[in-house]
Amino acid sequence: MTSSATALAATPPVRRALLRSVSACALLFLATLALAPLAGSTQISLSRALDPTVPFAANTDAQIFFIARLPRVLAAALVGGALAAAGVVFQALLRNPLATPFTLGVSAGASLGAMLAITFGPAISLIGLTTVPLASFIGSIAAVAIVYALATARHRGFSTNVMLLAGVTMNAFFSALILFVQYFADMSQTMRTVRWLMGNVDVAGYGSIAAALPLFAVALAGAATLPRALNLLSLGRDQAEARGVNVLRAQQIAFISASLATGAAVSLAGPIGFVGIIVPHLLRLLVGSDHRVVLPCSLLFGGAFLVGCDLVARTILAPIELPVGIITAVIGGPFFLWLLIRRSEGRE
Amino acid sequence: MKKPYTRRFAPLGRSTKGGSRAAPKMALTVLPIILALCTASLALGQAKPSRIISLVPSVTEILFAVGAGPQVVAVSSYDHDPPEVERLPRVGALLDPDLERVLALRPDMIVIYGSQQELAQKLQAAHIGTLSYRHGGVKDVLATIDEVGRDTGHADGAATLAREMTQQLDAVRARVSGHERPRVLLLFGREPLSLRGIYASGGVGFLSDLVAIAGGDNVFADVARESVQAGAELILARKPDVIIELRADPMSSSDIARETAVWDALPAVPAVRNRRVVFLTGSEMVVPGPRIGRAAERLAGAIHPEIDR
Amino acid sequence: MLSAVDVSFAYAMGGGGRHRFARRRPRPHVDPAVPLVLEGVSLEIPAGGLVGILGPNGSGKTTLLRLLAGMLRPVSGCITLEGRDVAGMARAAIARTLAVVPQETHPAFEYSVLEMVLMGRYPHLRPLQVEGPDDLRIARDAMAMTGTAALEDRRYDTLSGGEKQRVVIASALAQSGRVLLLDEPTSSLDLNYQLEIASVISRLNEQHGTTVVLSTHDLNLAASICRTIALLREGRIVASGPTRDVLTPDNIRAVYGVDADVTMHERAGHLSVVPIRLSAPVSGRTPSAGRLVGRDVSPAERS
């Protein structure tokens, strides 16, 4: 045995993985963030955009770069990272690799809020958020609160089964309400809602990002305490408890942080599907199932992934811009099918 | 289904004054007349429906403008013009036509959208005539007026209307000719108080045609679609000199001020820099019907404020 | 080492609502009409002991095991671990001394064997700390003790039933070498794996001094490796003490309603229980009998 092989064998797998995988994902994330604002449907000159001698108000290239592109790249990075991380957490919480951030009704509540705002809402602007993002956030919180209340009723701690049922019921219930509201909506309002449902990261300015940032920060702070507990929870509740995990608290933090991240992401950019399930699965295939590696890697990779999808969405049919949700679906659908086939083959 | 103009015929051979020899003679004179009237009424019966339902607001306006107003018995959920429709029953619209209500009203002609295939089939099965409407440019509006006039027996009214509208449009063209054509961004939808979800007119359709008539250059004239979802980058890249926002509902002056201020996020756009963001409200701006002449006039006023009326 | 002192328990229907973020479970609120799952149970497990908890389904075996592990809090009485009341100990502190091996472990995701075993080290890590070379060494020692060293890089879900259970035991060992609680360790295994696990448990206890408590409904398993046995029926201890004193035809009839032969099997080297037929149904509650007074029983005395 060579000395390097012995040295490798003496390092626990998680340390190697953390070093290798997390730094690789971080590199990918930073590279994507740096390169994406440079590309777009219009040719711009970066030197002119960054030229301080040209007054900003007259500098089209600078405005395209700083007002049109940079915010949407940042928004895509935040939303993609949040949805991917929330997907990881929900999958561990529900002990089901097929769970998505939308399984528990968060997105249905957000969609109802958005539709109500579009159909009946006054035009208001509060802390950088306009009616639709505000209403969709409130809607998502309402759905989360109902599911949480149902899952923790009877003071038996957290019942993941009840949570799952409650979430699925919320999805169905809110979807029905959305159809009901549609009857009061006129054509343009219906079209606006449909378009919102397809997802859009073109935030045109930093206001909404700034408003959503504290929510993401709180969610991240909560999720950062979880990876070890998630590993143990995936073995089973009793096993986790027997290894010193405060199961109730871990489940609460997991549920709240993942729901908060999802609610903020959906309010900012609409319900963008597939990110929350492709990225965790892909990463598990690449780096293993240790959540201490999977969670940070999903966060970074998810951000890079959505930035990439948005780049494709805004350049592939220029000047027409596709909704980013279509790109994630086109990539995600076949990937998901392949995953299911692979899993069922593995079972046999 | 009872045809309104079909005549009921008395059986031949009923005894008339003049005895039995008069009957065959009468039959000989009356028969051809009756036959002629039959054919004529069959033809006329198709040509002049008396119970019309319209699911398309722009065609509703056209129906009233050509003189077929009294024949209209029901309209869509979204009809508001002309004022007479407010007291008419509603039967749904593009996404949710209420077939039961429609049939209960016993129409003999229905105006539907071209995309409502299934509905068309059902109506055919019920032997109700349909007029299929397809969205298009100004030419198509005039063609629809013509078709409506023919189908409802108001060909004269249609011709008059078409002539008046063409005169209006030509007058606008004449007024703006010779003036420099500014680049125009024409929007018909966006999220309130933000620049998200902007829908602009593409190079196809009546809005694009009206911009051209009103002396402007649509910034999206090269896009072969009716609508373009325009992001901030695209608007900055196209550099419109004038931004015109169309709204169906009226706006208060404080609304206008707040919504105009939203554009200050993009000061590099010439229209924003030169304070040429205009809001035009009213259904005439968004309905491709009889009032597009007026719409063109208002657009010309916004695009060329320097021209005196 | 580990003891239950006059413990009673019932699954509560309410209470605890305001203590969601409390560090320990509060005492459950018990409605007097709710029947007790365990009543007046006292059990003392000496260091190095190998104790079996037996009884029919519903007798409270698993509940007792969970109480001993500190996962449940008794309605009355207390559980002590190395002299300290378990209710006052932090979960991680308990976990560093005492490890639990459940009947089956089905991870929701695919982990390698080494990852599974290393999870046993988590109670020993500080909040943001990651395993180090020492933890790796301990994990590998645990795998050697359970004969799973060669499986280190295999995926857990590709293993056989016996291998899986040995890996879980290795993980528990990596967590704590002092006390091991096993819940029905061989119930879901084939005969060969049953023997395998039984010998692993036995070896751990004899060679490494691990205190072992296992709950099982397999009388012969208990007879083969346990030196002391506590027999439960309807939440009370019916008999406890050295195996040969507890596994008697009378006790078996009283608890299981079965006439059985209990004989010393020369070749196997331990008692063997053979059920013959059902006896008359047992009625009434049997009074709890005796405490298990702790004394280290040597292997020679087992049979």
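Remember, predicted model here, so these are calculated numbers, not experimental data.

(A) Here's a closer look at the interface of chain C and chain A. Across the contact, 46 residues belong to chain C and 37 residues belong to chain A. Of the roughly 3500 Å² buried where chain C meets chain A, counting both sides, 54% is carbon and sulfur surface. If you look at where chain C meets chain A, you find three salt bridges. Here R91(C) ties to E241(A) by a salt bridge, and the two come within 2.4 Å at their closest N and O atoms. Contributing elements (two or more residues each) for the side of chain C that touches chain A: α2 (91-97), β6 (98-101), α3 (113-118), α4 (133-145) and α5 (161-175) of chain C. The dominant element in the side of chain C that touches chain A, judged by the number of residues it contributes, is α3(C), at four residues. By residue class, the composition of the side of chain C that touches chain A is 27 nonpolar, nine polar and 10 charged.

(B) Representation of the pairing of strand β9 (residues 242-247) of chain B within the structure. Residues and elements named next belong to chain B. Where burial is concerned, most of β9 is hidden: six out of the six residues are buried. Residues of β9 alternate between two faces, with V242, I244 and L246 on one and I243, E245 and R247 on the opposite face, all of them buried. Bridge analysis of strand β5 (residues 183-189) against β9 gives four bridges, and the strand direction is parallel. Bridge pairing in β9 places L185 opposite I243.

(C) Structural context of a nonpolar patch on the surface. All names here are of chain A. A cluster of nonpolar residues, L116, F120, F180, Y183 and F184, forms a patch on the protein surface that exposes about 600 Å² of accessible area. You can see Y183 is positioned in the loop between α7 (160-182) and α8 (187-197). What makes Y183 exposed here is its relative accessible area of 62%.

(D) Broad picture of a positive patch on the surface. Positive charge collects at one region of the surface, where R48(A), R183(B), K239(B) and R273(B) lie side by side. Relative to the helices and strands, R183(B) resides in strand β5.

(E) Layout of the environment of R72(A). Residue and element names in this part refer to chain A. Turning to its location among the elements, R72 is positioned in helix α4 (residues 60-93). Residue classification places R72 among the buried residues on the basis of a relative accessible area of 4%. Expressed as a C-alpha distance, the spacing of R72 and L311, which sit 239 residues apart in the sequence, is 9.8 Å. Not counting residues up to four positions away in its chain, the partners in contact with R72 are V201, D202, V203, D310, R314 and E321. One polar contact links R72 to E321, side chain to side chain, over a distance of 3.2 Å.

(F) Examining the side chain of S59(C) more closely. All names here are of chain C. Along the chain, S59 falls in the loop between β3 (50-54) and α1 (61-68). Residue classification places S59 among the buried positions, given a relative accessible area of 1%. A polar atom in the side chain of S59 sits 2.6 Å from the backbone oxygen of P56. Not counting chain neighbours up to four residues away, the residues in contact with S59 comprise V37, L38, L232, R233, E234 and G235.

(G) Looking closely at the confidence of the model for chain B. All names here are of chain B. Per-residue confidence for chain B averages 84 on the pLDDT scale, and 86% of its residues sit at or above 70. Here residues 1-19 is modelled with pLDDT under 50, and outside its nearest four sequence neighbours on either side it reaches 12 contacts, counting other chains as well. Here the complex is predicted with pTM 0.84, and the ipTM for its interfaces comes to 0.84.

(H) Seen up close, the interface of chain A and chain B. In this complex, chain A contributes 35 residues to the contact, which on the side of chain B involves 32 residues. For the chain A face of the interface with chain B, the top three residues by lost area are M187(A), R192(A) and P319(A), together amounting to 19%. There are three salt bridges connecting chain A and chain B. A salt bridge links R314(A) to E233(B), with the nearest nitrogen and oxygen atoms 4.0 Å apart. Elements with a contribution of two residues or more to the side of chain A that touches chain B: α4, α8 and α12 (247-269) of chain A. The greatest single-element share of the side of chain A that touches chain B, amounting to six residues, is contributed by α4(A).

Rules of the game
Residues numbered from 1 in each chain as written. Chains lettered and ligands numbered in written order. Predicted model: local features only at pLDDT ≥ 70, side-chain atom pairs only at ≥ 80, totals over all residues. Heavy atoms only, no water. Contact = heavy atoms within 4.5 Å. Buried area = accessible area lost by both parts, 1.4 Å probe. Salt bridge = Lys/Arg side-chain N within 4 Å of Asp/Glu carboxyl O. Helix = DSSP H or I, 4+ residues; strand = E, 2+ residues; numbered from the N terminus. Nonpolar A, V, L, I, M, F, W, Y, C, P; charged D, E, K, R; others polar. Buried < 20%, exposed > 50% of the residue type's maximum accessible area, 1.4 Å probe, protein only. Pairing = 2+ DSSP bridges. Patch = residues over 30% accessible without salt bridge, like charges linked within 9 Å, V, L, I, M, F, W, Y side chains within 5 Å. Areas by Shrake-Rupley, 256 points an atom, 1.4 Å probe, with all protein chains shown as cover. Lys, Arg positive; Asp, Glu negative; His and termini not counted. Charge placed at Lys NZ, Arg CZ, Asp CG, Glu CD. Polar contact = N/O pair within 3.5 Å; in protein donor to acceptor, adjacent residues only side chain to side chain. pLDDT = per-residue confidence, 0-100.

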